Amino acid sequence: MDWMLKDLAESVPQTRHVIVLSADGLRMAQYGAETDTADRLAAACAGLQSLAGAVASELPNSSGRMRLVVIEMDGGFFYLMAAGAGAYLAVLANEGVDAGLMGQRMRDLVARIGEHLSSPPRREGQPA
């Protein structure tokens, strides 16, 4: 999966890190980030997707599922997109990133490999 993440990073200028994570915040794959950085971002994403789902559940006719979160900060953008059952795609990009291109490339990647990005729920006694 690393080459697909690399393809996303290289096709959108200003991309810094690309991470695939499980709903419980465990890093599944990464590109462009040190392992510690990817682990911290994955853990933060678990809380962010939970928060976004709680807000979504307040909308009438909403399933309460988070599809996309975009955060604009000083120095850049953070994107978090649902990418399969229990899996998410996260991207950290510099300030000059083309937001439309990033969204399109992320959707394309999720469509291409969405079924491979699934993370089934863990059960007690089941190996991780």
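What you are looking at is a predicted structure, and each value in this text was computed from that prediction instead of being measured.

## Focus: the overall build of the protein
Check the secondary structure of the protein and you find three helices and five strands. Listed N to C, the secondary structure of the protein is α-β-β-α-β-β-β-α in terms of helices and strands. The burial tally for the protein puts 42% of its 128 residues in the buried class. When contacts within the protein are restricted to residue pairs at least 6 apart in sequence, those whose partners lie at least 24 apart make up 48%. For the protein, the accessible surface area stands at approximately 7400 Å², while carbon and sulfur atoms represent 50% of it.

## A short note on the packing of aromatic side chains
All told, the structure shown has one aromatic pair when counted by the stated rule. Each ring, one from Phe 77 and one from Tyr 79, has its centre 6.3 Å from the other, and the planes form 25°; the classification is stacked.

## Regarding the UniProt feature "transmembrane region" (unreviewed entry) in the protein
As recorded in UniProt, the sites labelled "transmembrane region" (unreviewed entry) are residues 76-97. Between the first and last C-alpha atoms of residues 76-97 the distance is 8 Å; the span itself is 0% helix and 68% strand.

Each value, and the rule that gives it
- Residues numbered from 1 in each chain as written.
- Predicted model: local features only at pLDDT ≥ 70, side-chain atom pairs only at ≥ 80, totals over all residues.
- Heavy atoms only, no water.
- Helix = DSSP H or I, 4+ residues; strand = E, 2+ residues; numbered from the N terminus.
- Buried < 20%, exposed > 50% of the residue type's maximum accessible area, 1.4 Å probe, protein only.
- Contact = heavy atoms within 4.5 Å.
- Areas by Shrake-Rupley, 256 points an atom, 1.4 Å probe, with all protein chains shown as cover.
- Phe/Tyr/Trp six-rings, centres within 6.5 Å; stacked < 30°, edge-to-face > 60°.
- UniProt positions renumbered as here; feature names shortened; annotations may be inferred.

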